[in-house]
Amino acid sequence: MASRLTPAPSRETEFFWSGLKDQKLLIQRCADCQTLRVPPRPMCGRCQSLQWDCVESTGRGTVCSYVMPKYPPLPFLEYPYIVALIDLEEGVRMVSNLCDVAPEEVTNGMAVEAFYEAFNDDELVLHQFRPAR
Ligand code: ZN
């Protein structure tokens, strides 16, 4: 099984990492003005509220852009390795990996869906994306 660097959850990100373990892609939402924010942070940039909750994403979106990092090679990654900016249906943009597709087949705007992959002996679950089925 592949391994990945383990994130260090904070008060504002713990819900996100816990959601992934339940195979849910959660998005932080301002409890006052309902603005969604990715990545999670303590204060709403729109209304400065410190109150927040979260909503579950459908996991569907489109590729906004992508890169294929090559250097420095990291021992815990399999190459080619596609890092993509995903525009989720909910209107927020998220960084993730794009899997199950040849690099030459990736296009901006292609429909993708989230799936969940366990790493580090099931201690870590990460969201990944693949072409929508
Ligand atoms: Zn707000």
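Details of the structure are given in the entry above.
In this text, all values refer to a predicted model and were calculated from it rather than measured experimentally.

### Let's talk about the coordination of the zinc ion
A four-donor tetrahedral metal ideally has 109.5 degree angles, and a six-donor octahedral metal ideally has angles of 90 or 180 degrees. The zinc ion binds to the protein through Cys-30 (SG), Cys-33 (SG), Cys-44 (SG) and Cys-47 (SG); the donor distances cover 2.3 to 2.4 Å. Around the zinc ion, the four donor atoms sit at angles spanning 103 to 116 degrees, and that spread fits a shape best called tetrahedral. Summarised as a motif, the one-chain spacing of the donors to the zinc ion is C-x2-C-x10-C-x2-C. Of this pair, Cys-30 sits in strand E1 (residues 26–30) while Cys-44 sits in the loop between strand E2 (36–37) and strand E3 (52–56), and the two are 14 residues apart along the sequence. Judged by its relative accessible area of 0%, Cys-30 falls in the buried class. Cys-44 gets classed as buried once you look at its relative accessible area, which sits at 1%.

### Quick notes on the nonpolar core
Leu-25, Ile-86, Leu-88, Leu-98, Val-112 and Phe-129 are the most contacted members of the largest nonpolar core, which totals 22 residues. Mapped by element, the contributors of at least two residues to this core are helix H1 (14–21), E1, strand E5 (82–88), strand E6 (93–98), strand E7 (111–119) and strand E8 (124–131). Counting residues per element, this core draws most heavily on E5, which supplies four residues. Setting aside residues no more than four positions away along its own chain, Ile-86 makes contact with Gly-61, Thr-62, Val-63, Val-92, Arg-93, Met-94, Ser-96, Val-112 and Phe-129.

What counts as what
- Residues numbered from 1 in each chain as written.
- Predicted model: local features only at pLDDT ≥ 70, side-chain atom pairs only at ≥ 80, totals over all residues.
- Heavy atoms only, no water.
- Donors = N, O, S within 2.8 Å, 3.2 Å for Na, K, Ca; no water.
- Tetrahedral: all angles 85-135°; square planar, octahedral: opposite > 155°, others 65-115°.
- Helix = DSSP H or I, 4+ residues; strand = E, 2+ residues; numbered from the N terminus.
- Buried < 20%, exposed > 50% of the residue type's maximum accessible area, 1.4 Å probe, protein only.
- Core = buried A, V, L, I, M, F, W, Y, C linked by side-chain atoms within 4.5 Å.
- Contact = heavy atoms within 4.5 Å.

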